[in-house]
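Each chain is listed here by its residues.
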Amino acid sequence: MQPRFLLLLLAAIGTVSAIGFQSGRQSARATDVEKVERAGETSPPRRLVASHEPDFSRVTIANIGAVEFEEAYDLLRAASPATLAGWARQLQAMPAGPARATAITSFFKVLVQTDPTRAVDLVLGLTNREARSLAGAAVQGGAPESAFPEVARMLVELDEDSLTEFVLLWSRFDPVSTSRFVEEHPSKMDSNAIALLLENWAAIDPLAAQTWLDGLDPKKRKPDVVEGFVSGWFESDRSAALAYLAAHADEKVYRRGIRSAARTLFAKSPSDAGSFVTQLQNPAARAAAVDEITAYATDRVLGGNLTFPAEAVARWMITLPEDTWKNHLGAVLSSWSSADPAAAEAWLNQMPLPARDQMAAEFCANFDWQAPQSGVIAGLRISDPTLRANSLAKLRKRIGTREEASEIMLHLQLAPRDKAEIEKALADL
């Protein structure tokens, strides 16, 4: 007798109303077993309603992984709690390997569809660590959304250190229940999990999410948590989210959210990013927003796919008030000059005074060590004597040693007068 045929057969045995079979499902009579087992049998078995649990004594539960979902579903739903518990013990006792992994995974993935509470109880009752891990993963992966509270109970009992992935999934459709779970288990929730909850919640109901955030323990209200909330709100109501950030610009915990908003806005619309920056009344908040954008134009962010052209960022920055781009433009100009020195120098030279002097001073202070020519020349072209002297002094301080100064001088192609001025500026190193 082939185990697969037997399992398929017994999966269809007797529908018992007392154990909750699906409406309309009935099972084959025990006398039909031999008929179905015979090779070539194609006619369906006769069906009748039984008054007791079918005889599962011959079921080879280890083969459940080879059965179609519908047959496995019928089988597990027809079984009593004692039978299910016995099968779970049988699966756990199988030799470790692919066969056991497949059987345990299939069993629990189906069982959580029929009886989530029973599935979780059986997982928690397993004593073998590997088997329990396999079963827990199957329950979590196969659970319908309605079973998530039971999955949450299982994860807590299993003493999972981080429930981030589960919180992410649950909060997508039921953030309120997820928030209660987070409140009940604060020690198991890292800031990333809370941020993901708030991001999903704010995208659905920003007012409720904000109320919950406002009531959160201040120790849990970290910058990444606030950023998550604002990111979700940004997707559902951008203008309201930006106004909220602007209203909280004085609070440091919101700076990460401000950075994120500025970056996202610039990627879509530099003009919108400029409007947002000018709304920020706090100088430190404005500086954080601009610094975030310049970071993606100056190779300060490694390993990401997002980059902003240095030329586009430089042209955008000068549309803002000078105190906004001051101390940020130099690094952008240096990056632009590395890619296209002639274009960067031409753009700088056509700027009106005194803005041009300030830009040149920043460019000089942020010169590229690998290609210092443009940055040094920018310092020499500063028309204000005091600002030029200060810029060259900063250049000397940044270079630091005579050896470094000599190396840089080898790369400079300057007119005799300019070369003499630079040598004089570096003379006391």
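See the structure above.
All figures in this text were calculated on a predicted structure; none of them were measured in a lab. (Residues numbered from 1 in each chain as written. Predicted model: local features only at pLDDT ≥ 70, side-chain atom pairs only at ≥ 80, totals over all residues. Heavy atoms only, no water.)

Trainee: So what exactly am I meant to see when it comes to the layout of surface pockets here?
Mentor: Rolled over the atoms, a probe as big as a water molecule pinpoints where empty space is left. Each pocket or cavity is described by its volume, and for the second largest pocket that value is around 200 Å³. Taken together, Arg 129, Arg 132, Ser 133, Gly 136, Ala 137, Gln 140, Met 154, Leu 155, Leu 158 and Glu 160 make up the full set of residues lining the second largest pocket. Taken together, the elements giving at least two residues each to the lining of the second largest pocket come down to helix 7 (129-142) and helix 8 (148-157). Sorting elements by how many residues they give to the lining of the second largest pocket places helix 7 first, with six residues. Its residues assigned to classes, the lining of the second largest pocket comprises four nonpolar, three polar and three charged. (1 Å grid on protein atoms, 1.4 Å probe; cavity = no way out; pocket = protein on both sides within 12 Å on 5 of 7 lines; lining within 4 Å. Points joined across faces, edges and corners; volume = space filled by probe spheres on them. Helix = DSSP H or I, 4+ residues; strand = E, 2+ residues; numbered from the N terminus. Nonpolar A, V, L, I, M, F, W, Y, C, P; charged D, E, K, R; others polar.)

Trainee: Teacher, can you tell me more about helix 8 here?
Mentor: Helical geometry: 3.6 residues make up each α-helical turn, so side chains three or four residues apart lie on a common side. Of all ten residues in helix 8, seven are buried; the element is thus mostly enclosed. At the exit of helix 8 stands Asp 159, carrying a positive phi of roughly 60°. (Buried < 20%, exposed > 50% of the residue type's maximum accessible area, 1.4 Å probe, protein only.)

Trainee: Whenever I open this one, the pattern of salt bridges confuses me. Can you help?
Mentor: A side chain with one charge can pair with a side chain of the opposite charge if their charged atoms come near. Counted by the stated rule, this structure contains twelve salt bridges. Put simply, Asp 115 and Arg 118 hold a salt bridge, and the shortest N to O gap is 3.9 Å. Overall, the relative accessible area of 28% leaves Arg 118 in the partly exposed class. Among the salt bridges present, the one from Arg 153 reaches Glu 150, with a minimum N-O distance of 2.6 Å. Of the two residues, Arg 153 and Glu 150 are both situated in helix 8; the distance of three residues between them amounts to about one turn of the helix. Three or more residues are tied together by salt bridges with common partners; here these are Arg 259, Arg 263, Asp 291 and Glu 292. (Salt bridge = Lys/Arg side-chain N within 4 Å of Asp/Glu carboxyl O.)

Trainee: Any chance you could explain the packing of aromatic side chains here in plain terms?
Mentor: To describe a pair of aromatic rings, one takes the distance between the centres and the angle between the planes. Per the stated rule, a full pass over the model turns up 16 aromatic pairs. Between Tyr 244 and Tyr 254, the aromatic rings sit 5.6 Å apart at their centres with planes inclined by 65°, giving edge-to-face as the arrangement. With Tyr 244 in helix 14 (residues 238-247) and Tyr 254 in the loop between helix 14 and helix 15 (255-268), this residue pair connects regions lying ten residues apart in the sequence. Per residue, the accessibility class of Tyr 244 equals that of Tyr 254, and both read buried. (Phe/Tyr/Trp six-rings, centres within 6.5 Å; stacked < 30°, edge-to-face > 60°.)

Trainee: Sorry, what's going on with the environment of Ile 399 here?
Mentor: Along the polypeptide, Ile 399 turns up in helix 24 (residues 385-399). Between the C-alpha atoms of Ile 399 and Leu 426, which are 27 residues apart in sequence, the distance is 8.8 Å.

Trainee: Hey, could you run me through the environment of Ala 66 in this one?
Mentor: You can see Ala 66 is positioned in the loop between strand 2 (47-48) and helix 3 (69-78). With 36 residues separating them in the primary sequence, Ala 66 and Thr 102 have C-alpha atoms 9.0 Å apart.

Trainee: How should I be thinking about the packing of helix 4 (residues 81-93) against helix 5 (residues 98-114) in this particular structure?
Mentor: The N-to-C vectors of helix 4 and helix 5 enclose an angle of 155°; their axes lie 9 Å apart at closest approach. Classified by the angle between their axes, helix 4 and helix 5 sit roughly antiparallel to one another. As for the relative orientation of helix 4 and helix 5, their crossing is left-handed in sense. Between helix 4, through Leu 84, Trp 87, Ala 88, Leu 91 and Gln 92, and helix 5, the contact on the second element is made entirely by Arg 100, Ala 103, Ile 104, Phe 107, Phe 108 and Leu 111. Looking at side-chain class alone, the contact of helix 4 with helix 5 contains nine nonpolar, one polar and one charged residues. (Axes fitted to C-alpha atoms, helices over the stretch in contact; angles between N-to-C directions. Parallel < 35°, antiparallel > 145°, perpendicular 65-115°, else oblique. Left-handed = near helix turned anticlockwise from the far one by under 90°. Contact = heavy atoms within 4.5 Å.)

Trainee: Please explain the environment of Asp 384 as it appears in this structure.
Mentor: Here Asp 384 shows up in the loop between helix 23 (373-380) and helix 24. Taking relative accessible area as the criterion, Asp 384 reaches 35% and is therefore assigned partly exposed. In the structure, Asp 384 is positioned 27 residues away from Asp 357 in sequence and 7.1 Å away in space, judged by C-alpha atoms.

Trainee: What should I look at first to understand the side chain of Thr 178 in this one?
Mentor: Looking at the element boundaries, Thr 178 is found in helix 10 (residues 175-184). Its relative accessible area of 0% is what places Thr 178 among the buried residues. Only 2.7 Å separates the side chain of Thr 178 from the backbone oxygen of Asp 174, close enough to count as a polar contact. Excluding residues that lie within four positions of it along the chain, Thr 178 makes contacts with Val 167, Trp 170, Ser 171 and Leu 197. (Polar contact = N/O pair within 3.5 Å; in protein donor to acceptor, adjacent residues only side chain to side chain.)

Any functional reading would require information beyond the geometric quantities listed.
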